[in-house]
Amino acid sequence: MKKDANQIITNKIIKLIENQQAGGFNWQSGFKSLGNGLPSNAETKRPYTGLNSFYLMLLGASECATYAQWKKLGYQVQKGSKSTTLIRPVFIKDKETLEDKLVSWSSFNVFLSSDVLNSETKEAYPVSTTEHVDNIKPIKKAEMFIQGINHNMEINTSGRAFYMPSRDLVSIPARESFTGTDTSTATECYYSTYLHELAHWTGHETRLDRLKSGGFASQSYAYEELVAELTACFLCCDLGISNEPRVDHAKYLGSWLKALKNDKKLIGKAAGLAQKAFTYLKKESLQDTKPTRKAA
């Protein structure tokens, strides 16, 4: 009996993951923020420091602020946006030395510039950028496939790719953000990222109803990432973006398998759900081609 093409891809992915086990899963993002300098506070313009700065850079953040600060600046945090928790040290004056002494840490929440719109004009917060080169080489088959899926999307400069169920919105970094990795071109990273978020899009309750509640690193979150990345891998091979599963796919999937205690059976189950997402997107794209709806 001839094996299904996507099953063959899954088997290759598992083999790639096993080959990566010894070296660890050092996954690289294929895109970055278009903003300049260290992440800073939108009101005070002061750069964040220490762990806060490092964490915000990982998120691709350029500028952020508390809810009250954004309101003061004339911007409204959009419904469905999730805050990012940062920390600040708490000091007291030592009675003997009269020096500040660290006694604890307190937390506070901020929202990224990509989470807000001007309260009056409804325009996005302007992010300062430098000149970047578009390294994406358009793939006609992939472009037609994406255009054939009637979905809400927005382009951001924050260096983040995500799907927001509350707004049924796919948000991806600007094309100029994609630089590629050691093992994948900018073009492969761009299309793979877009297809990954479209895979999440299929999980909406009005479609395949697959998305479950759960925070970052939770089991439901990790499992959904396996499904989305496998779907993207299937589509990349099907659309001619990549002839073979890429090492980047294996590293990304492997990192989530590790979070799920390396249960290899999980990837097989995830592949079944990925097959459903793959089929759904293929069927959706075969409808009359419609322009992608840009978010307001």
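Our structure's up above, just so we're on the same page.
Throughout what follows, the structure given in this document is the object of discussion.

A short note on the overall build of the protein chain
From N to C terminus, the protein chain includes eight helices and ten strands. When burial is assessed residue by residue, the protein chain has 46% of its 296 residues classed as buried. A separation of at least 24 residues holds for 70% of the contacts in the protein chain among residues at least 6 apart in sequence.

Things to note about unusual backbone geometry
Unlike most non-glycine residues, Lys45 shows phi in positive territory, near 65 degrees. Tracing the sequence through the fold places Lys45 in the loop between strand 1 (40–41) and helix 2 (50–58). Of note in this structure, Asp209 is not a glycine but carries a positive phi near 50 degrees. If you trace the backbone, Asp209 turns up in the loop between helix 5 (186–202) and helix 6 (219–238).

Observations concerning the pattern of salt bridges
Throughout the structure, instances matching the rule amount to six salt bridges. With a closest N to O distance of 3.8 Å, Arg175 and Glu143 form a salt bridge. One end of the pair, Arg175, is in the loop between strand 9 (169–173) and helix 5; the other, Glu143, is in helix 4 (residues 140–147), and 32 residues separate them in sequence. For Arg175, a relative accessible area of 22% puts it in the partly exposed group. In this structure Glu143 comes out as partly exposed when scored by relative accessible area, which is 25%. Measuring nitrogen to oxygen at the nearest pair gives 2.8 Å for the salt bridge that ties Glu224 to Arg210. Of this pair, Glu224 sits in helix 6 while Arg210 sits in the loop between helix 5 and helix 6, and the two are 14 residues apart along the sequence. Each of the two residues, Glu224 as well as Arg210, counts as buried.

Side note on the packing of aromatic side chains
In total, this model carries nine aromatic pairs according to the counting rule given. Ring centres of Trp70 and Tyr125 lie 5.1 Å apart, and the angle between their planes is 75 degrees; on these two criteria the pair is classed as edge-to-face. Taken together, the positions of Trp70 in helix 3 (residues 67–72) and Tyr125 in the loop between strand 6 (116–118) and helix 4 put the pair 55 residues apart, joining distant regions of the chain. One aromatic cluster in this structure is built from Phe178, Tyr190, Tyr191 and Tyr194. Arg88 extends its terminal NZ or CZ atom over the ring of Phe108, reaching a point 4.1 Å from the ring centre. Its end group placed over the ring of Tyr190, Arg175 keeps NZ or CZ at 5.1 Å from the ring centre.

Some points on the sheet that holds strand 4 (residues 84–93)
Strand order in the open sheet made by the four strands is 1-2-5-4, with mixed pairing throughout. Sheet topology places strand 1 and strand 4 at the edges, where each strand pairs with a single neighbour. Taken together, the two bridges between strand 1 and strand 2 (residues 63–65) define a ladder with parallel strand orientation. Each bridged residue has a counterpart across the sheet, and for Ser40 the counterpart in strand 2 is Glu63.

Structural notes on the side chain of Thr187
Among the secondary structure elements, Thr187 is positioned in helix 5. Separated by 2.9 Å, the side chain of Thr187 and the backbone nitrogen of Lys137 make a polar contact. Dropping the residues within four chain positions of it, Thr187 is found in contact with Asn135, Ile136, Lys137 and Ile139.

Reading guide: rules and limits
Residues numbered from 1 in each chain as written. Predicted model: local features only at pLDDT ≥ 70, side-chain atom pairs only at ≥ 80, totals over all residues. Heavy atoms only, no water. Helix = DSSP H or I, 4+ residues; strand = E, 2+ residues; numbered from the N terminus. Buried < 20%, exposed > 50% of the residue type's maximum accessible area, 1.4 Å probe, protein only. Contact = heavy atoms within 4.5 Å. Salt bridge = Lys/Arg side-chain N within 4 Å of Asp/Glu carboxyl O. Phe/Tyr/Trp six-rings, centres within 6.5 Å; stacked < 30°, edge-to-face > 60°. Lys NZ or Arg CZ within 6 Å of the ring centre and 35° of its normal. Pairing = 2+ DSSP bridges. Polar contact = N/O pair within 3.5 Å; in protein donor to acceptor, adjacent residues only side chain to side chain.

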